[in-house]
Amino acid sequence: MSIDTTGAIRETGPTEKSTPAAGTLATQGVREARSNRNQVWRRFVRYKPGVFGLVFILLLIGCALAAPLIAPHDPFEIHMRLRGHAPSSEYLLGNDSIGRDILSRLIYGTRVALIVGIGATAIAVTIGVTVGAIAGYFGGWVDFVLSRLVDALMAFPLLALLLTLSAVFGPSLRNAVIVIGCSIWASYARIVRAEVLSLREFDYVLAARAAGASDRRIIARHIVPNALGPVIVLASLAIGGVIILESALSFLGLGVRPPTPSWGAMLADGREFLRRYPHIAIAPGIAIAVTVLAFNLVGDGLRDALDPRVTD
Amino acid sequence: MLSYIINRLFQGAIVVVLVSILTFLVMQAVPGSPVDLMIGKQKVSIEQRKAIEHKWGFDRPWYDQYFTWAGNLVTGNMGESVVRTGEPVSSMIKNAALMTLRLNVLSFFISIAIAIPIGMLAAIKRYSWFDYGSMLGATIGVTIPNYWIALMGIVLFSVKLGWLPPYGADSWKSYILPVFVLAFEEIAALARLTRGATMEVLGQDYVTTARAKGLKEKVVISRHVLRNALLPIITVIGYRIAFILSGTIVVETVFGWPGMGRLFFDSINRLDYQVVQAIVLVLSIVIVVVNILTDLTYALIDPRVRIR
């Protein structure tokens, strides 16, 4: 909240000096934005599953940050005599195929899931919003070219594209974030373009242009902030999907490299020893499902809160 | 309508060309030359190497190679695999595509047959235990990775009970696990969607009018609600083809199903990039074509789209 306020103050500062009337208008806008935010929060809180999801995500973030404190064992420590041991009081979820503690690996695995889920989505939002805003604002052949690029990206079978790119650039955590982020931005570009098409006709855009603002400033200051609502909803609903994608990549050996604990890679281990040690494959799958569920519930809540028309 | 069709086909053609160029460029970025893969550990002289490069055309600039490749594609010739020497890519893909098609068509119809009635019933009986139960199931259903369901299915039905084969495509029993694993996610997604679409139609004025006219609820549902709710459902089913095809890759790999997905994954691991780029392109064309067909179907059913 404080960052927002300082940002807003910096924004209104110079305007206030030149024209006092514009300054009061701008401050009014800030006040409205704040009450609007409160309203969104109130609506969000009304949707209880969304609150549950949010609490769960906060817990996960806590787990990821404090993994060394919470994890009962070293997630990398190999115990050959404990290979595939069933859950015990010492190792609550049992041991994997080379005797590592599954619970500790699960806890460390939250790091990979959150880094990829949030990191890749952030990259996708950045590229998508930029491309969509440029296409929608300038129109004409710029729009035509960018829109066909978006169409082309959406025509790729996503997982095939990700596997190919990961194989080409080499599997690693960093590459997983980049490759996923650069492959899923098309849908953001599409909705931002649609929003911008209607926003650019508004009088305040005309006013900004008349005041001599550059295209860049109009897009960044006046158009994009107003087009962000649907982007936030889409992003929050997409994070879960990204986490599943990362797990699938790691499951197929083209995501995060071992021995880094990743839920998908743990499932790959479980798959290999499905006959002998079926318990290895159970916990990571549940972890993925519950995490994705939490993000989806928050997304549902945000959608209801930001778009009062939808009553799903 | 005609100009609409032409417009969509034109856009689709551009997208396919773009996809083929992008695919080709990504393959150019592959580290290591395909010649190294071909010769493996054999010792060859520089002249021999040059000869191989020349024979396969690797010594020409990329756009030149692209046009040769694209030109051959138009005639249905996808070239030969560098790694699996001499095997024509098109026959590999043809055999695999048939298996993938069987799997996906089956699971597609099963998911529609299960999801649409559930979604509609949930919307009609809004806030009932059936609504809450099915939507809870659907919400959880879309969050479970399909390959994990596949693993659990193998543990339960193959390892513990011994009813179904965990691997391969030898008998009709081999179909059951992969078909239902693929259908699972679709059922969850489609049921949620159907419920939303039906509920929106139920709130429309013409439904209130139909009820006010004194029509029986059964007639209102079947004639007014069902038909209109199917519109958005058909659209989304069409657009989900990309997800469905992506899902096939993991599921086929887990079950060792001899389809496109497994062929693709094997080819990635063996660095067989001729096959990889051919499969990516074929899948993309399928997605583009299905999307165009979806748009056209939509325009055909709903006159409002055509006029716009």
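Reading the values: the criteria
Residues numbered from 1 in each chain as written. Chains lettered and ligands numbered in written order. Predicted model: local features only at pLDDT ≥ 70, side-chain atom pairs only at ≥ 80, totals over all residues. Heavy atoms only, no water. Core = buried A, V, L, I, M, F, W, Y, C linked by side-chain atoms within 4.5 Å. Buried < 20%, exposed > 50% of the residue type's maximum accessible area, 1.4 Å probe, protein only. Domains from an automatic or database assignment. Contact = heavy atoms within 4.5 Å. Helix = DSSP H or I, 4+ residues; strand = E, 2+ residues; numbered from the N terminus. Expected span 1.5 Å × (residues − 1). Bend = angle between axes of the 7 residues up to and from the residue. Salt bridge = Lys/Arg side-chain N within 4 Å of Asp/Glu carboxyl O. Phe/Tyr/Trp six-rings, centres within 6.5 Å; stacked < 30°, edge-to-face > 60°. Lys NZ or Arg CZ within 6 Å of the ring centre and 35° of its normal.

K.L.:
An account of the nonpolar core is needed here, citing residue identities and associated values.
P.N.:
One broad rule of soluble globular proteins: the nonpolar side chains tend to lie buried together. Judged by nonpolar contacts, the single largest core of 138 residues is most densely connected at Leu163(A), Ile180(A) and Phe264(B). Residues lining this core come from more than one domain, with at least three contributed by each of domain 1 (2-74) and domain 2 (101-269) of chain B. Residues contacting Leu163(A), with those up to four places away along its chain left out, are Leu249(A), Leu252(A), Leu254(A), Ile249(B), Phe264(B) and Ile268(B). Among the nonpolar cores identified, the runner-up in size contains 26 residues, and Ile116(B), Met135(B), Ala138(B) and Val220(B) belong to it.

K.L.:
Can you tell me about helix α5 (residues 102-138) of chain A, naming the residues and giving the values?
P.N.:
Residue and element names in this part refer to chain A. The end-to-end C-alpha distance of α5, which contains 37 residues, comes to 53 Å, matching closely the 54 Å that a straight helix rising 1.5 Å per residue would cover. Maximal helix bending in α5 amounts to about 25 degrees, located at Tyr 108. In terms of residue burial, α5 counts as a mostly covered element, since 26 of its 37 residues are buried. Just beyond α5, the residue with positive phi is Gly 139, at close to 65 degrees.

K.L.:
Outline the pattern of salt bridges, listing residues and values.
P.N.:
All names here are of chain A. Scanning the model with the defined rule gives eleven salt bridges over all chains in all. The residue Arg 193 makes a salt bridge to Asp 143 at a minimum N-O spacing of 2.7 Å. One end of the pair, Arg 193, is in helix α9 (residues 186-199); the other, Asp 143, is in helix α6 (residues 140-155), with 50 residues separating them in the sequence. A relative accessible area of 26% means that Arg 193 is categorised as partly exposed. Asp 143 sits in the buried class, given a relative accessible area of 11%. Asp 151 is the partner of Arg 190 in a salt bridge, and the nearest nitrogen-oxygen pair spans 2.7 Å. Of this pair, Arg 190 sits in helix α9 while Asp 151 is found in helix α6, placing the two residues 39 residues apart along the sequence.

K.L.:
Just give me the short version of the packing of aromatic side chains, but keep the residues and values in it.
P.N.:
Following the criterion strictly, the structure yields 15 aromatic pairs over all chains and no others. A centroid spacing of 5.1 Å and a plane angle of 90 degrees characterise the contact between Tyr137(A) and Phe138(A), whose relative ring orientation is edge-to-face. For Tyr137(A), a relative accessible area of 7% gives the class buried. Residue Phe138(A) is classed as partly exposed on the basis of its relative accessible area of 40%. Ring geometry for Trp129(B) and Phe130(B): centres 6.2 Å apart, planes at 80 degrees, overall edge-to-face. Its relative accessible area of 72% is what places Trp129(B) among the exposed residues. Given a relative accessible area of 22%, Phe130(B) falls into the partly exposed group. Counting every residue linked through ring pairs, the aromatic cluster contains Phe24(B), Tyr66(B), Phe67(B) and Trp69(B). If you follow Arg148(A) out to its NZ or CZ, it ends over the ring of Phe144(A), 4.8 Å from the centre.

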